[in-house]
Amino acid sequence: MRIGIVCPYKWDRPGGVQYHVRDLADTLRGLGHHVEILTPAEHEASLPAEHVTFAGRTVPIPYNGSMASVQFGPISAARVRRWLREGHFDVVHVHDPAPPSIGLLVLMIAKGPIVATFHAATVRSKFLSAWGPVIRPWLERISGRIAVSDFARRLQVEHLGGDAVVIPNGVHVASFADGPQLAGLERGSGGPTIGFLGRFDEPRKGLPVLLEALPGVLRRHPTARLLIAGRGDPAALRASIPPELGEHVELLGELAEADKAAFLRSVDVYCAPNLLGESFGIILIEALAAGAPIVASDLDAFAAVLEDGEVGVLVRRGDAGALADALAGLLDDPDRRADLSARGREAAWAYDWSVVARRVLAVYETVVPPGGGVVTASEDHAEVAGLPGADVPSRASLRRRVRR
Amino acid sequence: MGLPVWTIAVGVVVLFLLVWTAWTLTRLRRLEARVDRARTALESQLRRRAALAAEVAREGGVPLEPARAAGLARAAAGASLPWTPDRELAENVLGRELRGLVRELPRMAPALAEDLTGTAQRVALARRFYNDAVRDTAELRGRRLTRLLRLHARRPLPRYFDIDDSFGELAGTAGSGRH
């Protein structure tokens, strides 16, 4: 099958959607399909030499908690048109098409089977409920919609109209399951370790709750250490930690992909004390795959991944006392940890890219008509001449209609 | 000098209506094509499911009691009615028979079992995408202005297709939408 995937965010910036597109494309290629990607980037030179097409630079606007890439206008439209014409795709797969980006542009121009995945998690509903009706005429062209979580699906149903099938994010389970541990921090060496990973200066990630819970853990496990990895200002964090906890907290900074896996394999317990706003707990799946026993707050997305507490411990969000009890309890009980670890590894396989990509492929096969449908670019130039406005595209079709 | 204000106002309104009508007709035409495509996909998956059911009834490699095999064959044959509420009933009967087979899956020929599970998944996907297309059409057709201008008013509204398409755990987790 020839598949065209559109990523609306800059390829050379770190981001969940970019990684998702990259891994999905790699897995589909491994299954013998031809995959082309269209994406904006900061620097054209940073794109891989093959199968990735530069869609131009973008103007960033805040969207979905990060920066969306606004991209509109005749030059981008011409690039999209050329990519579609040269690609001869059976199906085009657009990611996060709601913001005014290259994804929406593809929806306007492409003719043929289109699949869209909605990742959006923390989008303000006010924005979506105002913007949804404006882009509805183009969202109508999508033949099959996918949401990465129940949360993303709900957002989609409420504001953009239409239903979506839930297919979760994927993880390369094997790359987390096997490999070395972090040097000097191997599991079982020194005191027990609790891991935290994420932007520690964002309060919604919940690090303050974990720090509040730490004294309670130390009372029962005086040699325990908290390992913090992720982006943020280390000096500000150091300053916020009470001095008596200082020697029990270790900052690892931002970790590369390989080190992240090693980190998750090393910790005795992984803790996700997030307070709100996670659409999908991909980090939890990575931790499950690495065999780390997990204590997480009871967000819907986390409860779904942890199978309502079957493969990890859930505590009430923001409750430092309960968190301390859960962490200390788990550190007390090596059998329980081993049990959670084994069941977690098992559960993670449902999210392996080999499984997830096959489910996405089933969506493609459902929307592509028997005999294959080739996606082309519409001839309708007027349709993308301006910003999405109801009157622009219709003039051309009106002309056609009058001529008939 | 110039036209009276009301002439201009009427002109603007008429122009707006013309433009809006043309745009809406374009959308309706596109939606019609999408509903057609989705229905073709759904029908081909349903046909495939019926064919597989017939195959299982004939020679599934599972020791089915004769009554059950006959029931399955009957249900498979029934799933070829035209697109009416009766079709939904017939597909539901077939779906129920097939759900009864979930426990036999491990004893079936692996290729056949995989085919059956995969097809059940695709029926669920195709049905959701079809209903989605119907919903978008109904929404646009139901708008006040669309109704007032009687756009596509003489064409029958496409019908939702409602069956229980769950099929064991495997198909269930694959997005049959029981959330």
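Nothing here was measured: the structure is a model prediction, and the numbers come from that model.

**So, the overall build of chain A**
When you go through chain A residue by residue, the secondary structure sums to 15 helices and 17 strands. The burial tally for chain A puts 49% of its 404 residues in the buried class. For chain A, the proportion of contacts with a sequence separation of at least 24, taken over those separated by at least 6, is 70%.

**Concerning helix α5 (residues 150-160) of chain A**
Of all the positions in α5 of chain A, only Phe151, Ala152, Arg153, Leu155, Gln156 and Leu160 of chain A are classed as buried. Directly after α5 of chain A, the chain includes Gly161 of chain A, whose backbone phi takes a positive value near 70°.

**Remarks on the sheet that holds strand β3 (residues 52-54) of chain A**
All names here are of chain A. Strand order across the open sheet formed by 7 strands is β3-β2-β1-β6-β8-β9-β10, with parallel pairing between neighbours. Either end of the sheet is taken by a strand with one partner, and the two such strands are β3 and β10 (165-166). Taken together, the 4 bridges between strand β6 (residues 91-95) and strand β8 (residues 114-118) define a ladder with parallel strand orientation. Considered in β8, the bridge of His93 is made with Val115. Strands β1 (2-6), β2 (34-39) and β6 of the sheet are contacted by helix α1 (residues 16-30), whose axis makes an angle of about 160° with β2.

**Notes on the pairing of strand β9 (residues 144-147) of chain A**
Residue and element names in this part refer to chain A. Here β9 shows two buried faces, one formed by Gly144 and Ile146 and the other by Arg145 and Ala147. As paired elements, β8 and β9 share 4 bridges and run parallel to each other. Counted as the bridge partner of Thr117 is Ile146 from β9. Where β9 meets β10, 2 bridges bridge the pair, whose relative direction is parallel. Bridge pairing in β10 places Ala147 opposite Val166.

**Notes on the confidence of the model for chain A**
Residues and elements named next belong to chain A. Taken as a whole, chain A shows an average pLDDT of 84; of its residues, 88% reach a score of 70 or greater. Here helix α15 (residues 391-403) stands out as the element of chain A with the lowest mean pLDDT, 43, in contrast to β1, whose mean of 95 is the highest. A low-confidence stretch, residues 381-404 (pLDDT under 50), is modelled with 37 contacts involving residues beyond four sequence positions or located in other chains.

**Some remarks on the sheet that holds strand β14 (residues 269-272) of chain A**
All names here are of chain A. With parallel pairing, the 6 strands of this open sheet are ordered in space as β13-β12-β11-β14-β15-β16. Sheet topology places β13 (249-253) and β16 (313-315) at the edges, where each strand pairs with a single neighbour. Strand-to-strand twist in this sheet, taken as the mean axis angle between neighbours without regard to direction, amounts to 25°. Helix α12 (residues 320-332) rests against β11 (193-197), β14, β15 (294-297) and β16 of the sheet, and its axis sits at about 160° to β16.

**Side note on α12 of chain A**
Residue and element names in this part refer to chain A. Look at α12: 18 Å from first C-alpha to last across 13 residues, which is about the 18 Å you get at 1.5 Å a residue. The set of residues buried in α12 consists of Ala322, Leu323, Ala324, Ala326, Leu327, Ala328, Leu330 and Leu331. Taken together, the buried residues of α12 touch β11, α7 (207-220), β14, β15, β16 and α13 (334-348).

**A look at unusual backbone geometry**
Positive phi outside glycine occurs at Asp308 of chain A, with the angle close to 55°. Position of Asp308 of chain A among the secondary structure elements: in the loop between α11 (300-305) and β16. Take Asp308 of chain A: there are 11 C-beta atoms within 10 Å of it, and that puts it in the exposed class. Of note, Arg150 of chain B is a non-glycine position whose phi angle comes to about 55°, a positive value.

Scoring rules and cut-offs
Residues numbered from 1 in each chain as written. Chains lettered and ligands numbered in written order. Predicted model: local features only at pLDDT ≥ 70, side-chain atom pairs only at ≥ 80, totals over all residues. Helix = DSSP H or I, 4+ residues; strand = E, 2+ residues; numbered from the N terminus. Buried ≥ 20, exposed ≤ 12 C-beta atoms within 10 Å, placed from the backbone. Contact = placed C-beta atoms within 7 Å. Pairing = 2+ DSSP bridges. Axes fitted to C-alpha atoms, helices over the stretch in contact; angles between N-to-C directions. pLDDT = per-residue confidence, 0-100. Expected span 1.5 Å × (residues − 1).

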